[in-house]
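Observations on chain architecture
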Amino acid sequence: MTPFRFARAADTADALRLAAGPASAYLGGGTNLVDLMRETVATPGSLVDVTGLSNTVSPTESGGLLIGAALRNTALAEHPAVRARYPVLSRAILAGASAQIRNMATVGGNLLQRTRCAYFYDAEGARCNKRAPGSGCDALEGFSRYHAILGASPACVATQPSDMCVALAALGAIVHVQGAGGARTLPFTELHRLPGDTPEIDTVLAPGDLITAIELPPLPFATNSAYRKVRDRASYAFALVSVAAALEVEDGRVRDVRIAFGGVAHKPWRALTAEAALRGGPADGPAFHAAAAAELADAQPLRDNGFKIELVKRTLVAVLGDLGGAVA
Amino acid sequence: MSIIDSAKNAAQGLVQGALGKLVPLAPDSWIPGGLPDPLIARKHGLIGTPVSRLDGPLKVQGAARFSAEVAPAGMVYVALAYATIPRGRIATLDTQAAEAAPGVVRVMTHRNAPRMKPPAVFGSSPTAAGPSDLPILQDDRIHWNGQPIAAVIAETQEQADHARSLIHVTYEAGPSTTSFAGAKANGAQIGRFMGQPLRNEIGDAEAELAGAAHRVDHTYRTPRHSHNAIEPHAATIVWEGDMLTIHDTTQMVTAEARTIADVFDLKPEQVRVISPYVGGGFGGKGLWDHQIIGAAAAKLVGRPVRITLSREGVYRVIGGRTLSEQRVAIGATADGHFKAIIHTGTAAMTPHNAMPEPFIFATRSGYAADSFKLSVETVKMNMLANTFMRAPGEAIGTFALESAIDELAAELGMDPIALRIRNEPDKDPISGLPFSSRHIVEAWRSGAQRFGWDQRAPEPGTRREGEWLIGMGCATGTYPYHRMPGAAARITLTRDAKAIVEIAAHEMGMGTSTTTAMVAGERLGLPLDRIEIRYGDSIIPGAIMAGGSQQTAAIGAAVIAAHNALVAELLKLAGNESPLAGLSVDEVGSEGGALVRLDDPACRETYQSILARAQRDTVAAAEQASMPVEAMHWSMHSYSAIFCEVRVSAITGETRVSRILGAFDCGRILNPQTARSQFRGGIIMGLGMALMEETLFDERNGRVMNANLSEYHLPVHLDIPEIDVMWTDIADPHTPMGAHGIGEIGITGVAAAVANAVYNATGKRIRDLPITLDKLL
Ligand SMILES: Cc1cc2nc3c(=O)[nH]c(=O)nc-3n(C[C@H](O)[C@H](O)[C@H](O)COP(=O)(O)OP(=O)(O)OC[C@H]3O[C@@H](n4cnc5c(N)ncnc54)[C@H](O)[C@@H]3O)c2cc1C
């Protein structure tokens with residue numbers, strides 16, 4: 001690990017001031033960043049610890065929830081209002097990592113955790129455009145079980161690995177950011193980007209931007225929501241694919257629906273095509289199948305991950321089937 | 001009954017009780033016509049009772065000092081840099097920035113490392129322990145992707161780690177073979193294991209197969225596995241003048257010391273390897289490059305060195321199980337009689353090592369058949385030297401063989417257990433030797449009943465609960481009884497009736513020191529708390545490798561030999577004034593801290609009394625174990641019947657093992673408590689092998705891409721159901737204590753039992769490990 005400076009931010013302004021330098025990084029629980037520093041994938045000159053900033057969960061005027069970015073993953077998953085009103089979020093978080101890691105991990109850090117692509121991690125032995133722009137992509141024809149089937153580019157086929165983010169994408173969360181130009185918000189689904197020619201850039205945030213909170217808008221039918229994660233062992237593995245969904249059924253027809261996929265793309269994949277196909281239509285197996293097929297129409301398999309196309313379809317159909325059954 | 005009669009009976013009972021406790025000296029070899037170890041007949045001692053590990057409290061308190069916790073004054077730390085190409089030369093190696101980094105003492109490369117001989121490769125002599133015969137940091141050549149190319153020596157581990165990242169190296173790539181297909185195209189050679197070719201043919205198996213009424217003929221594939229003991233490899237190394245001391249975590253103190261002595265041109269007595277605690281071995285804790293690099297570094301800088309491999313370092317420097325491709329074909333008559341068994345295939349190894357993963361071993365003595373064709377061929381790849389991993393050969397060989405038997409049972413419409421019992425051999429089918437002790441049928445019957453095998457649906461894919469398809473499978477596991485030559489023990493008896501038993505063996509957490517104390521106590525007629533076991537030190541006479549599940553037998557035989565020698569010494573010391581005067585070694589036994597006349601237990605003298613009269617504080621005897629000739633007279637193996645129930649999601653293909661039972665036939669179980677853990681641990685490793693373990697070796701450049709415990713999947717708690725184990729507990733009359741080693745048998749058969757259960761659940765036959773969900777979609 002490369003030596004670095006360390007400072008603890010007292011408040012948001014303090015954090016921004018401390019992180020003004022070019023090689024600074026915010027430090028949440030450190031469960032991802034510290035690993036990357038050990039691997040010399042990340043070499044920040046200074047760390048600004050932001051775990052002392054807001055970690056509260058408070059109701060918003062519109063009837064949603066505002067979640068401080070320093071809140072630990074475990075605390076968010078266990079929060080009674082989250083469990084009751086947004087169960088998909090609770091379950092997504094609990095499906096991730098291990099209890100120890102969730103106890104350390106913060107909401108802000110979870111959002112910005114980086115890909116688990118093995119070639120990205122291997123700073124000494126592999127080429128990676130995300131780590132060393134322009135060096136090439138060894139994953140393209142290498143081990144790609146955990147890689148993208150949607151929205152990838154020849155420069156990068158990595159996936160965003162977070163479970164929590166898949167639920168946030170489905171719920172239409174809003175990200176609160178404090179940057180050099182002041183405070184702003186953006187839709188969660190616009191936070192992460194597709195790789196294109198610049199896979200080294202994961203998100204639309206500018207250097208020094210601090211995530212201060214996540215806002216969950218009111219979504220009454222999210223009480224009928226679920227998260228299903230499919231993985232290579234029963235626990236403590238990243239998703240091969242995952243599905244977050246909320247479904248509202250009335251008289252056998254889909255009144256509203258939210259769907260997002262994990263493990264398939266460079267960002268949590270909001271399945272807008274499937275949602276549109278379902279809305280207003282019958283809430284039954286054939287419709288679920290058709291919606292899944294429509295969403296995956298452009299999927300591109302790599303050497304090792306062709307099975308994901310079928311897997312994510314099946315998982316979506318199963319999740320919708322469960323949610324539909326629960327309402328009916 | 002009169003009062004006189006009952007008094008007489010009571011007296012007789014007392015005498016019999018004393019006789020019951022009295023243990024005659026054991027014979028020191030087990031040849032036809034010889035006597036079994038008298039400890040077998042003894043039913044009420046410590047043996048067979050559950051005894052907690054004597055080292056348990058120390059470990060729970062964190063007071064057991066492992067090799068990376070020894071801290072000599074002035075110690076420096078090492079971090080290794082690894083090659084990133086599979087073969088070629090170092091073109092440039094710039095260590096300037098690393099040398100200038102804070103805390104760095106030296107950077108050692110092939111340019112400034114002390115001159116050393118390549119280690120003698122394991123198997124090339126009884127004391128050779130080298131992973132390969134490659135020179136270590138002696139030239140600019142690269143032989144595998146991950147080979148250590150530089151060692152940073154610094155005041156702290158963090159400083160060493162940081163400076164390591166400042167080393168700049170470029171390579172001149174040479175031609176290399178890093179794909180299995182490429183290696184096969186280069187040609188295969190017959191594997192040789194310990195000098196013997198891995199090939200057996202009886203009759204014309206291909207013709208018998210072709211003519212058989214029923215046959216199966218398939219190819220099974222198993223991937224590379226990496227060692228992942230909870231304790232990564234580490235050594236703390238001190239030179240005092242020309243004396244080299246290595247505090248290591250190793251399964252072979254003696255051979256390692258000898259091999260390292262050779263590397264540094266020292267006499268054997270100039271190198272001492274000490275290894276009291278090993279945090280998991282499984283075949284991976286032998287001699288590898290890092291101990292030699294650490295010793296060289298300590299020599300170069302003139303200070304003690306600690307070298308601790310990172311988890312990544314373990315994947316790059318410590319070999320694992322190699323990949324294999326195995327054909328198993330079985331031809332049978334309509335009623336299930338095996339006409340032919342063919343088990344052939346290929347395993348990858350390197351040009352520089354000698355470990356051809358002998359996957360046909362289990363097949364050699366598993367079943368009767370009219371004809372056999374067995375062989376292991378090897379191909380060469382430019383990769384880290386592959387090595388032993390828990391049941392090398394049997395673990396993957398039983399996957400192929402026992403899957404094929406299940407396939408044949410399906411083809412014949414027979415119950416797979418009945419098919420196995422139908423082909424139970426009455427003698428070893430290849431060697432023709434009688435079995436020393438084989439009760440696998442009993443294990444099958446008792447296991448099937450306990451597991452509820454009769455609940456299995458004969459038709460695959462017919463049991464379902466919601467989305468979960470449920471199936472049952474079974475398989476035979478097996479592992480040979482080994483006892484290697486060279487073991488010795490020294491027993492020192494003190495005047496306060498304490499015995500110190502010294503053996504150059506190893507405690508890897510499986511309870512060896514505990515069972516050794518139990519057995520020694522029983523032999524010497526002393527309670528457990530009067531026994532002290534010293535082990536894990538190369539200055540102790542003899543060599544007892546913790547490998548091949550042979551420690552228990554080797555220690556047992558060595559202690560017998562030393563005990564016999566000790567009794568001879570005691571009789572000499574006892575002299576003419578002793579009640580034992582004039583008796584010979586075969587006329588006495590040990591009991592209650594005394595030597596006792598066998599045919600008259602009242603005639604006895606305590607050890608204390610003998611020593612006191614002779615005015616001695618101690619008496620000691622060291623002796624070599626007898627040669628393991630028992631293995632020349634019998635075919636000797638342990639067995640298991642593994643039963644498994646799985647649930648496979650019809651939606652996602654995820655497999656969850658819901659129940660598993662191992663019914664073992666492993667001779668007499670010395671300590672059920674530690675034995676149960678060994679069996680369970682083996683089964684857990686088998687489940688990992690079945691469902692998830694795989695070293696991702698990038699065939700483009702030979703680089704391991706999942707060199708960490710996040711991406712290399714081992715089972716986690718949620719993957720492991722309650723594991724049930726049971727055993728026949730039938731003593732083998734031809735081994736010390738009637739026991740067999742049990743360290744490796746647990747993993748064997750498990751992967752096949754899972755694969756067979758998956759077939760029963762889904763109707764899909766997976767012949768490629770691991771059984772990941774994509775294969776079941
Ligand atoms: C072995 C292992 C297994 C795992 N398995 C899973 C899994 O199955 N599913 C899953 O979802 N996750 C998994 N994780 C990842 C885990 O969820 C993340 O490591 C964790 O959420 C990161 O949070 P953190 O607070 O520790 O982030 P840090 O490591 O502290 O930071 C991560 C990134 O976020 C930035 N950052 C932190 N806070 C802010 C902020 N307020 N504003 C702007 N930037 C910020 C940091 O600069 C850094 O770039 C696993 C991790 C490990 C080590």
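Fair warning: this is a prediction, and the values are worked out from it, not measured in the lab.

Quick word on the overall build of chain B
- When helices and strands are counted, chain B shows 19 helices and 33 strands.
- A globule of 777 residues ought to have a C-alpha radius of gyration of about 28 Å, and chain B, at 28 Å, matches this closely.
- With respect to the three principal axes, the spread of C-alpha positions in chain B is 90 × 75 × 50 Å.
- For chain B, the proportion of its 777 residues judged to be buried stands at 61%.
- Taken as a whole, chain B presents about 27400 Å² of accessible surface, with 52% of it coming from carbon and sulfur.
- Between the centroid of the 70 positive side chains of chain B and the centroid of its 82 negative side chains there is a distance of 1 Å.

A word on the interface of chain A and chain B
- Contacts between chain A and chain B engage 34 residues on the former and 35 residues on the latter.
- Contact between chain A and chain B buries roughly 2800 Å² in total, counting both sides, with carbon and sulfur atoms accounting for 55%.
- Counting across the chain A and chain B interface gives four salt bridges.
- The closest approach of N and O atoms between Glu 124 of chain A and Arg 164 of chain B, which form a salt bridge, is 2.9 Å.
- On inspection of chain A and its partner chain B, the count reaches twelve residue pairs in polar contact (both at pLDDT 80 or more).
- Breaking the side of chain A that touches chain B down by element, the ones donating at least two residues are helix 8 (118-121), strand 9 (225-230) and helix 12 (307-327) of chain A.
- By residue number, the principal contributor to the side of chain A that touches chain B is helix 12 of chain A, which donates five residues.
- Per-class residue counts for the side of chain A that touches chain B are 15 nonpolar, six polar and 13 charged.

Focus: the sheet that holds strand 24 (residues 531-534) of chain B
All names here are of chain B.
- Read from one edge of the open sheet, four strands run 24-23-22-28, paired in mixed fashion. The sheet terminates laterally at strand 24 and strand 28 (618-624), the two strands that pair on one side only. The sheet shows a mean angle of 15 degrees between the axes of neighbouring strands, taken without regard to direction.
- For strand 22 (residues 488-494) and strand 28, the ladder comprises seven bridges, and the chain directions are antiparallel. Looking at the pairing, Thr 494 lines up with Thr 618 of strand 28.
- Sheet contacts for helix 14 (residues 512-524): strand 22, strand 23 (499-503) and strand 24; angle to strand 24, the most-contacted strand, approximately 135 degrees.
- Sitting on the sheet, helix 15 (residues 551-574) is in contact with strand 22, strand 23 and strand 28, with an inclination near 140 degrees to strand 28.

Remarks on the site of the ligand
- Neighbouring the ligand are 33 residues; Tyr 26, Gly 29, Thr 31, Thr 106 and Asp 163 of chain A lie closest to it.
- Surrounding the ligand are residues belonging to chains A and B, so the site spans chains.
- Between the ligand and the protein, one listed contact pairs an oxygen atom with a backbone N or O atom of Asn 110 of chain A at 3.4 Å.
- Contact distances for the ligand include 2.9 Å between an oxygen atom and a side-chain N or O atom of Lys 229 of chain A.
- Protein coverage of the free-state accessible area of the ligand, which is 970 Å², stands at 93%.
- A total of four residues in the shell around the ligand trace back to one element, the largest contributor, which is helix 7 (residues 107-112) of chain A.
- Each residue belonging to the shell around the ligand can be placed in one class, and the counts come to 14 nonpolar, 14 polar and five charged.

Observations concerning the pairing of strand 2 (residues 24-27) of chain A
Residues and elements named next belong to chain A.
- Relative to strand 3 (residues 46-49), strand 2 runs parallel, the two sharing four bridges. Bridge pairing in strand 3 links Ser 24 to Ser 46.
- The β-α-β motif built from strand 2, the intervening helix 2 (residues 33-38) and the parallel element strand 3 has right-handed crossover chirality.

Examining the nonpolar core
All names here are of chain B.
- Core analysis: the largest hydrophobic core is formed by 123 residues, its most contacted members being Leu 244, Phe 264, Phe 338 and Val 754.
- Examining the composition of this core, we find that ten residues originate from one element, helix 11 (residues 394-412), more than from any other.
- When residues of this core are assigned to domains, at least three map to each of domain 2 (393-482 + 632-776) and domain 3 (484-627).
- The residues contacting Phe 264, other than those within four sequence positions of it, are Met 116, Trp 239, Leu 244, Ile 292, Ala 295, Ala 296 and Lys 299.
- With 46 residues, the next largest nonpolar core counts Leu 25, Tyr 277, Ala 499 and Val 501 among its residues.

So, the pattern of salt bridges
- One pass over the full model with this rule turns up 57 salt bridges over all chains.
- The salt bridge involving Arg 490 of chain B is made with Glu 502 of chain B; its shortest N-O contact spans 2.9 Å. Of this pair, Arg 490 of chain B sits in strand 22 while Glu 502 of chain B sits in strand 23; the two residues are twelve residues apart in sequence, bridging distant segments of the chain.
- Assessed through its relative accessible area of 28%, Arg 490 of chain B is described here as partly exposed.
- Through salt bridges with shared partners, a single network forms among Asp 256, Arg 270, Glu 275 and Arg 279 of chain A.

Thoughts on the domain arrangement of chain B
Residue and element names in this part refer to chain B.
- The domain architecture assigned to chain B consists of domain 1 (1-35), domain 2 (393-482 + 632-776) and domain 3 (484-627).
- Put simply, the middle of domain 2 and the middle of domain 3, counted by C-alpha atoms, are 38 Å apart.
- Summed over both sides, the interface of domain 2 with domain 3 buries roughly 1200 Å², with 66% coming from carbon and sulfur.
- The three residues of domain 2 that bury the most area against domain 3 are His 482, Leu 670 and Met 737, which together make up 41% of that side's buried surface.
- Our enumeration of links across domain 2 and domain 3 arrives at zero salt bridges.

Some remarks on unusual backbone geometry
Residue and element names in this part refer to chain B.
- Cis peptide bonds are those with omega within 30 degrees of zero, and the linkage from Leu 769 to Pro 770 qualifies with -5 degrees.
- Looking at where Pro 770 falls in the secondary structure, it is placed in the segment after helix 19 (750-762).
- In this structure, Gln 615 takes a positive phi of about 55 degrees despite not being glycine.
- With respect to the helices and strands, the residue Gln 615 is situated in the loop between helix 16 (607-613) and strand 28.
- Its identity is not glycine, yet Met 737 carries a phi of approximately 60 degrees, on the positive side.
- Take Met 737: it is sitting in the loop between strand 33 (723-727) and helix 19.

Considering the sheet that holds strand 3 (residues 88-94) of chain B
- Reading across the sheet, the three strands line up as 5-3-7 (chain B) and stay open at both edges, with antiparallel pairing between neighbours. One side of each edge strand has no neighbouring strand; the edge strands of this open sheet are strand 5 (141-142) and strand 7 (168-173) of chain B.

What to know about the side chain of His 343 of chain B
All names here are of chain B.
- Structurally, His 343 is set in strand 18 (residues 338-349).
- Using a relative accessible area of 0% as the deciding quantity, one classes His 343 as buried.
- A polar side-chain atom of His 343 sits 2.7 Å from a polar atom in the side chain of Gln 326.

Details of the packing of helix 5 (residues 87-94) of chain A against helix 9 (residues 164-171) of chain A
Residues and elements named next belong to chain A.
- In contact at an axis separation of 7 Å, helix 5 and helix 9 are set at 165 degrees when each is read in the N-to-C sense. Classified by the angle their axes make, helix 5 and helix 9 are roughly antiparallel. With respect to the hand of their crossing, helix 5 and helix 9 are arranged in right-handed fashion. Together, Val 88, Leu 89, Ala 92 and Ile 93 of helix 5 and Met 164, Ala 167, Leu 168 and Leu 171 of helix 9 make up the contact between the two elements.

Re helix 11 (residues 285-295) of chain A
- Every buried residue of helix 11 of chain A is accounted for by Ala 287, Phe 288, Ala 291, Ala 292 and Glu 295 of chain A. The arc enclosing the buried residues of helix 11 of chain A, seen along the axis, measures out at 135 degrees, which places them on a common side.

Basis of the calculations
Residues numbered from 1 in each chain as written. Chains lettered and ligands numbered in written order. Predicted model: local features only at pLDDT ≥ 70, side-chain atom pairs only at ≥ 80, totals over all residues. Heavy atoms only, no water. Helix = DSSP H or I, 4+ residues; strand = E, 2+ residues; numbered from the N terminus. Rg over C-alpha atoms; globule rule 2.2 N^0.38 Å. Buried < 20%, exposed > 50% of the residue type's maximum accessible area, 1.4 Å probe, protein only. Areas by Shrake-Rupley, 256 points an atom, 1.4 Å probe, with all protein chains shown as cover. Lys, Arg positive; Asp, Glu negative; His and termini not counted. Charge placed at Lys NZ, Arg CZ, Asp CG, Glu CD. Contact = heavy atoms within 4.5 Å. Buried area = accessible area lost by both parts, 1.4 Å probe. Salt bridge = Lys/Arg side-chain N within 4 Å of Asp/Glu carboxyl O. Polar contact = N/O pair within 3.5 Å; in protein donor to acceptor, adjacent residues only side chain to side chain. Nonpolar A, V, L, I, M, F, W, Y, C, P; charged D, E, K, R; others polar. Pairing = 2+ DSSP bridges. Axes fitted to C-alpha atoms, helices over the stretch in contact; angles between N-to-C directions. Near = heavy atom within 4 Å. Right-handed = clockwise from strand over helix to strand, strands pointing away. Core = buried A, V, L, I, M, F, W, Y, C linked by side-chain atoms within 4.5 Å. Domains from an automatic or database assignment. Parallel < 35°, antiparallel > 145°, perpendicular 65-115°, else oblique. Left-handed = near helix turned anticlockwise from the far one by under 90°. Arc of directions from axis to C-beta.

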